[in-house]
Structures are given as C-alpha cells and as structure tokens.
Amino acid sequence: MNVREYYRYLAAAREQLWQFVRALPQEDLDRDLIGGGERFHNIKDLLLHITDVENHWIHVIARGDGVRPPDERSYDWVRPQAQQYDLNWILSYSQEVTHKTERFLDSAPELERPVKLVQDDPASATVTLDQLLWHVMTHEVRHTAQIAMMVRQLGHTPPWLDYLRFARPAAPLGGEDPAEEHDLAEESGRCEGGAAGREGEEVA
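Source: prediction; values computed, not measured.

Quick notes on the pattern of salt bridges
Under the counting rule described, the total for this entry stands at seven salt bridges. As a salt-bridge pair, R31 and D28 come within 3.3 Å of each other at their nearest N and O atoms. A relative accessible area of 6% places D28 in the buried class. Residues participating in the shared-partner salt-bridge network are R14, E54 and E140.

See the structure below:
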C-alpha cells in the first residue's frame, strides 16, 4: 500500500469521525478526560492536535506552504486548550489541511526526496518525504484511537473506523463480507448490552 492509498482511507475515516463528534454534546467535547495531562485534556484538543501536526510536517516543513487556521487566530499549538474554540472552527481548519494534502499527493510528489526536519539548522536530521508522510499518518491513527476511547468513557459508541470498513474487501465465494459481519456484531452489541464496549473492550 502506498501513502496516497492510505491517506485516502484516513481522509474517509476522519470524515466519519467529524460527523460523529458534531452530534456529541458540547460539554462532552470539552470534558477533561486526561486528568493531569500536560498537553491534551479533551476530544477537541486531540482533533486540533492531529491537524496541527499534519499541517506542520507536510505543509510547513516539507512544502514551505502551511495552512493558516481560519480567521488567523493565534493559539498555543503545543497546549491548544481547544475548549475555547468552536468545534466548527476546528473542523473547518482540518478540512482545509485535508484538501491541501490530497491535492499535494495527487500531484505525485517525489517520495524519496530528502526533507530536513529543522529547516534553519544545517545539522538537522533528514528523512525522506515518504517517511515523513507515514509518520504523520501513524500519528493520526494513534490519537484517533485515544479519541475513540474517550468517546466510550463518555458513554457513547464510537464509529467503526478500521481500514476494512473502507476497503470493503471481496468476500470469498459463499462467504460473508467481513465488514458487514462487523456491522452486525456492533448492532448486536448495542441491542444486547447498551452502549457497547464502555469498559474492557478494545480501544477502536
């Protein structure tokens, strides 16, 4: 699998996540679920952080053309304190970064070209663009799993965002679509046990 294919999956999964969090109560999005956390405390913190990291590495560092957040608001991207921002503001920023990354990947960039991690440091470590893109994408997967866990802590069932939901692999002859089997299992869990997986289940 190449970076363009995997990013296509991530973009589809994040769109599902955005639709889901739009329906959550504001107080749930702002609730501090990471007590004592130095940088991040709530769902909105992580949503904003995921976008900041993608914007920084792909567009500021690799391309030299970063996205400015809507209204050019300034905030501490290290400690975003995102409860002060409206969810739609965060998602608008995220959508702009997503679209810019999609256009960049559609342009067939040279994935083996070197990228300095600190642009103004002659001694900076260097990675390939391909390595940097995979770093950004795996970073998002890890934090999306955290968001799913926080959604469960709040008593909700997060959307199924695993790769198979979006790849929809062909079922063997006479067999069942594994994605459909998962959908049925999720539905059964809701009917039999209420909000599935509040405790003791997998993160995502």
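Remarks on the side chain of D45
With respect to the helices and strands, the residue D45 is situated in helix α3 (residues 43-62). In this structure D45 is buried but unpaired, with K44 as the nearest side chain of opposite charge at 8.2 Å. Beyond its immediate sequence surroundings of up to four residues, D45 is in contact with R39, F40, P80, Q81, A82 and Q83.

A closer look at helix α1 (residues 3-22)
For α1, with 20 residues, the first-to-last C-alpha span of 28 Å sits near the 28 Å given by 1.5 Å per residue. Residues of α1 that are buried: V3, Y6, Y7, Y9, L10, A11, A13, R14, L17, W18, F20 and V21. Against α2 (26-30), α3, α4 (87-106), α5 (129-153) and α6 (163-167) lie the buried residues of α1.

Here's the deal with the environment of R31
For R31, the location among the structural elements is in the loop between α2 and α3. Separated by 13 residues in the primary sequence, R31 and K44 place their C-alpha atoms 9.2 Å from one another. With residues near it in sequence (within four places) discarded, R31 still touches H41, N42 and L154.

Regarding the packing of aromatic side chains
All told, the structure shown has six aromatic pairs when counted by the stated rule. Here the aromatic rings of W89 and Y93 are separated by 6.4 Å at their centres, their planes lie at 40 degrees, and the arrangement is tilted. You can see W89 and its partner Y93 sitting in helix α4, four residues apart, about one turn around the helix. Taking relative accessible area as the criterion, Y93 reaches 1% and is therefore assigned buried. Following the ring pairs from residue to residue traces out a cluster consisting of Y6, Y9, W134, Y163 and F166.

Considerations on the nonpolar core
V21, L24, I43, L47, L48, I90 and I147 are the most contacted members of the largest nonpolar core, which totals 46 residues. It is α1 that contributes the most residues to this core, 11 residues altogether. Not counting residues within four places of it along the chain, the set of residues in contact with I43 comprises V21, L24, D28, L29, I147, M150, V151 and L154.

Focus on the packing of α3 against α5
At a closest axis distance of 9 Å, the pairing of α3 and α5 adopts a crossing angle of 175 degrees. Classified by the angle between their axes, α3 and α5 sit roughly antiparallel to one another.

Here's the deal with α3
In this model, α3 (20 residues) spans 28 Å end to end at C-alpha, consistent with the 28 Å of a helix rising 1.5 Å per residue. Along α3, the largest kink reaches about 30 degrees and is centred on H56. Where burial is concerned, most of α3 is hidden: 18 out of the 20 residues are buried. The N-terminus of α3 is capped by N42, whose side-chain oxygen sits 3.1 Å from the backbone nitrogen of K44. The positive-phi residue at the C-terminal boundary of α3 is G64, with phi of around 70 degrees.

Cut-offs applied
Residues numbered from 1 in each chain as written. Predicted model: local features only at pLDDT ≥ 70, side-chain atom pairs only at ≥ 80, totals over all residues. Heavy atoms only, no water. Salt bridge = Lys/Arg side-chain N within 4 Å of Asp/Glu carboxyl O. Buried < 20%, exposed > 50% of the residue type's maximum accessible area, 1.4 Å probe, protein only. Helix = DSSP H or I, 4+ residues; strand = E, 2+ residues; numbered from the N terminus. Lys, Arg positive; Asp, Glu negative; His and termini not counted. Contact = heavy atoms within 4.5 Å. Expected span 1.5 Å × (residues − 1). Phe/Tyr/Trp six-rings, centres within 6.5 Å; stacked < 30°, edge-to-face > 60°. Core = buried A, V, L, I, M, F, W, Y, C linked by side-chain atoms within 4.5 Å. Axes fitted to C-alpha atoms, helices over the stretch in contact; angles between N-to-C directions. Parallel < 35°, antiparallel > 145°, perpendicular 65-115°, else oblique. Bend = angle between axes of the 7 residues up to and from the residue. Polar contact = N/O pair within 3.5 Å; in protein donor to acceptor, adjacent residues only side chain to side chain.

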